[in-house]
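# Chains, contacts and geometry: an overview
So the chains spell out like this:
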Amino acid sequence: MPHSAAPRSAVPAPHTGRNVGTILIVDTDGSARGACRAILEESDYEVRDAMTLTDALAVLEHDAPDTILLDADSAGATTWRVAAQRLKLATHGAEPRIVLVLDAKATNTVPSVADAWIDEWLVKPVRAHDLLLRVSGAAGMQDRLTLRNLRGDQTRMWNVLLDFSRSMSRVLDLDTILDQIVRTAAEMSGSRRVSIMLPDDTGRFLTIAKSLGIDTEMRQRVRVPVGKGIAGEVFSSGVRRTVLTTGPIPDQPYESEAFVSMPIIASLNTAHDCVGVLNITHRFGDRPFEDWELEFIDLLGSIAGSVIDDSLWRQTRESLLKMERDLLVARRIQQSTFPFALPELDGFQVDAWSQPADETAGDTYDIIPLTAPGSEKPDRVVLLLADATGHGIGPALSVTQVRAMLRMGVRQDDDLLRIARHMNEQLHADLPGGRFITAWLGALDVPGRTLSCVSAGQGPILRYDAERDLVERLDADTIPLGIMPTLDLESGVRFPMNPGDIVAVLSDGIFETTSATGELFGTDRVVEIILATRAESPGRIVEALRDGITRFAPGLRAADDRTAIVVKAV
């Protein structure tokens, strides 16, 4: 039996507090035995288990189960037919029912239910609802409902259930599942009108999601408040209602002498949640429902809850997997916008680092070397560090837009002030309310050994003056980009870069790194690291920053993106 038998959701009816049968599981796979045990015990079966045929025979010396769940691969040196025979004979006339579990590749050897030693069979991977259906069929829901004693109508309904269960193993989409449930309910009960009602997006009303015998106009019109009317009460209580009436049924699109409204229960681990309501009415001949028919309908509802739950889980899983794939693509695209290589400059060294808090970051940086005609090395470098509010895909798109605008401005040979103003105007038009971007733009003049920069809300900028051996903290020149339609920016700053001077531009994700005790990493610690490594290369300074953050908040995930650019004159 496969590990997939372990349910994310078990399927049976809720606990009744009574033992409905005893099951012996024979399987060499311990995890598979545990999985099946969990499913069966959730449905009030008493479960024994054995690893080998020899162990199973030893169990049967002291106990006679109603049903034996025999994995074909656990027969050992014997064939499954011989193993089944030995198990039945070992019960000394108790005649337990045997459900054989076969590998999907061995479907051509599936035994007939008329086999002398096999009463039912399952194909791996085993689904929870399929397991319970076969076990309950082999063991008998009640004495009169065992496969051996089924009457004509009961046999027909049982075969419909089996066909439905088997067909569901190949169906994934919810619409097809709902359609099949409605058609199965109609076929089992001989009814002309069947519907499934599911809660709407608000969870306050039930609407008809799928039906037979109900026109489109009525389907669209019906909205039953949860807790009100028959279907609403059934959904809230999780208890089936059977109605016998000769007139219209209040709050329902039905008028019939025989009406059943039953909850569709999805068992999520140990909790039972109602996911919808199945309504059946207008039986041919207006016959009332007999008790044994209601038992079959209840069983259909249990299976329906399982497959609906399974479909919703699969849809959610596929959606999450798609989102993860999309995020990975977005991450690769964003990472590809970072400089592939750092420029080699006469008299300067530059390094940078960025660590996203999620798959994609609201931080970005750029280093654009510009080489004059006839020069071998860049004589000008344009620098960018931008930080959008938040982190994730939305902010990542915003800062990628900032990088693109910077590159277009550089191509037009605009100065930093004009580029910053144009950026602000476009971002103010594009960003939703409450969103903005802090940005630092720098232009390094290599021959002139100066750095000009503009800071829109990005700060503090840390400048180490080697001659005075101290670190200055430079505030922002103006507000962040995108807040106002125009930027109050007349000029930036420009200062010389003498040998040993360092400029460090960091996003707030570094300053605001928080320790396990809630303390902030802060500006002072960054200054201490710069002073301790002022004789080192920018790469070493960045490495020291990363090490310092790791020691400060060991094992803690970054709450915000972290980005740094370090420029040093040598």
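What you see is a predicted model, and the numbers here were worked out from it, not measured in a lab.

### Regarding the sheet that holds strand β3 (residues 67–71)
Strand order in the open sheet made by the five strands is β2-β1-β3-β4-β5, with parallel pairing throughout. Taken across any chain shown, the strands that pair with only one partner, and hence form the sheet edges, are β2 (45–50) and β5 (120–123). Recorded for the sheet is a direction-independent mean angle of 20° between the axes of neighbouring strands. Pairing between strand β1 (residues 21–26) and β3: four bridges, direction parallel. Of the residues in β3, the one forming a bridge with I23 is T67. Each of β1, β2 and β3 touches helix α1 (residues 30–42); the most contacted strand, β2, lies at about 165° to it. Taken strand by strand, helix α3 (residues 80–89) contacts β3 and β4 (97–102), and its axis lies near 155° from that of β3.

### Re the nonpolar core
Counting residues in hydrophobic clusters, the biggest one holds 38 residues, and the most contacted among them are L161, I181, I196, L278 and I308. Those elements that place two or more of their residues in this core are α5 (152–168), α6 (174–189), β6 (191–199), β10 (259–268), β11 (271–283) and α9 (291–337). Among the elements that make up this core, the one with the highest residue count is α9 (10 residues). Once you skip the residues sitting within four places of it in the chain, I196 turns out to touch L178, I181, V182, T207, I208, A209, K210, I264, V277 and L278. Judged by nonpolar contacts, the second largest core, of 26 residues, contains V382, I419, A420 and A456.

### Considerations on the environment of R221
Here R221 lies in helix α7 (residues 216–221). With a relative accessible area of 57%, R221 lands in the exposed category. With 14 residues separating them in the primary sequence, R221 and T207 have C-alpha atoms 8.5 Å apart.

### Some remarks on the pairing of strand β14 (residues 380–388)
Burial within β14 is extensive, with eight of its nine residues counted as buried. Bridging between β14 and strand β15 (residues 437–445) involves nine bridges; their strand directions are antiparallel. Directly across from L385, in β15, lies its bridge partner W440.

### Quick notes on the packing of helix α13 (residues 522–532) against helix α14 (residues 538–552)
α14 packs onto α13 with a crossing angle of 135° between their chain directions and a minimal axis gap of 10 Å. In terms of axis orientation, α13 runs oblique to α14. Judged by the sense of rotation from one axis to the other, the crossing of α13 with α14 is right-handed. In this structure, α13 contributes R525, V526 and I529 to the contact, and α14 contributes I541, A544, L545, G548 and F552.

### Notes on helix α11 (residues 416–430)
For α11, which comprises 15 residues, the first-to-last C-alpha distance of 21 Å matches the rise-based estimate of 21 Å (1.5 Å per residue) to within 8%. Regarding α11, the residues found buried are L416, L417, I419, A420, M423, N424 and L427. Projection of α11 onto a plane perpendicular to its axis shows the buried side chains occupying an angular sector of 155°, all on one side. Turning to α11, the residues buried within the fold contact α10 (393–411), β15 and β16 (450–456). The distance from a side-chain oxygen at the start of α11 to the backbone nitrogen of L417 is 3.2 Å, and the residue carrying that oxygen is D415.

### Structural notes on the pairing of strand β17 (residues 461–465)
Burial of β17 is extensive: five of the five residues sit out of reach of the surface. Burial along β17 is two-sided: I461, R463 and D465 facing one way and L462 and Y464 facing the other are all buried. Taking the residues that link successive antiparallel strands as the turn, the β17-strand β18 (residues 470–474) hairpin has four residues, and the phi of D469 there is positive, at about 55°. Two strands pair when backbone bridges link them, and β17 and strand β20 (residues 502–506) are joined in this way by three bridges, in the antiparallel orientation. Among the inter-strand pairings, R463 is bridged to a residue of β20, identified as V503.

### Things to note about the pattern of salt bridges
Applying the stated rule across the entire model yields 20 salt bridges. A salt bridge links E233 to R241; its shortest N-O distance comes to 2.8 Å. In this structure E233 comes out as partly exposed when scored by relative accessible area, which is 35%. Overall, R241 belongs to the partly exposed group, its relative accessible area being 34%. Between R468 and E472 there is a salt bridge whose closest N-O contact spans 2.7 Å. On the basis of relative accessible area, E472 is assigned to the partly exposed category, the value being 22%.

### Here we look at the packing of aromatic side chains
The description of an aromatic ring pair uses the distance of the two centres, along with the angle that the planes make with each other. In this structure the tally under the stated criterion is one aromatic pair. Residues F521 and F552 carry aromatic rings whose centres are separated by 5.3 Å and whose planes lie at 70° to one another, so their mutual orientation is edge-to-face. Within this pair, whereas F521 is found in the loop between α12 (508–511) and α13, its partner F552 is found in helix α14, the two being separated by 31 residues in sequence. Both residues of the pair, F521 and F552, belong to the buried class. Here the guanidinium or amino end of R223 rests over the ring plane of F205, the centre of that ring lying 4.2 Å away. Residue placement shows R449 over the ring face of F348; its charged tip is 4.9 Å from the ring centre.

### Section: the packing of α10 against α11
Two numbers describe how α10 lies on α11: the axes approach to 10 Å, and their chain directions differ by 145°. Regarding α10 and α11, the two cross each other, and that crossing is right-handed. Residue-level contacts link Q401, V402, M405, L406, G409 and V410 of α10 to I419, M423, Q426, L427 and D430 of α11. The residue inventory of the contact of α10 with α11, partitioned by class, reads seven nonpolar, three polar and one charged.

Rules used in this analysis
Residues numbered from 1 in each chain as written. Predicted model: local features only at pLDDT ≥ 70, side-chain atom pairs only at ≥ 80, totals over all residues. Heavy atoms only, no water. Pairing = 2+ DSSP bridges. Helix = DSSP H or I, 4+ residues; strand = E, 2+ residues; numbered from the N terminus. Axes fitted to C-alpha atoms, helices over the stretch in contact; angles between N-to-C directions. Contact = heavy atoms within 4.5 Å. Core = buried A, V, L, I, M, F, W, Y, C linked by side-chain atoms within 4.5 Å. Buried < 20%, exposed > 50% of the residue type's maximum accessible area, 1.4 Å probe, protein only. Parallel < 35°, antiparallel > 145°, perpendicular 65-115°, else oblique. Left-handed = near helix turned anticlockwise from the far one by under 90°. Expected span 1.5 Å × (residues − 1). Arc of directions from axis to C-beta. Polar contact = N/O pair within 3.5 Å; in protein donor to acceptor, adjacent residues only side chain to side chain. Salt bridge = Lys/Arg side-chain N within 4 Å of Asp/Glu carboxyl O. Phe/Tyr/Trp six-rings, centres within 6.5 Å; stacked < 30°, edge-to-face > 60°. Lys NZ or Arg CZ within 6 Å of the ring centre and 35° of its normal. Nonpolar A, V, L, I, M, F, W, Y, C, P; charged D, E, K, R; others polar.

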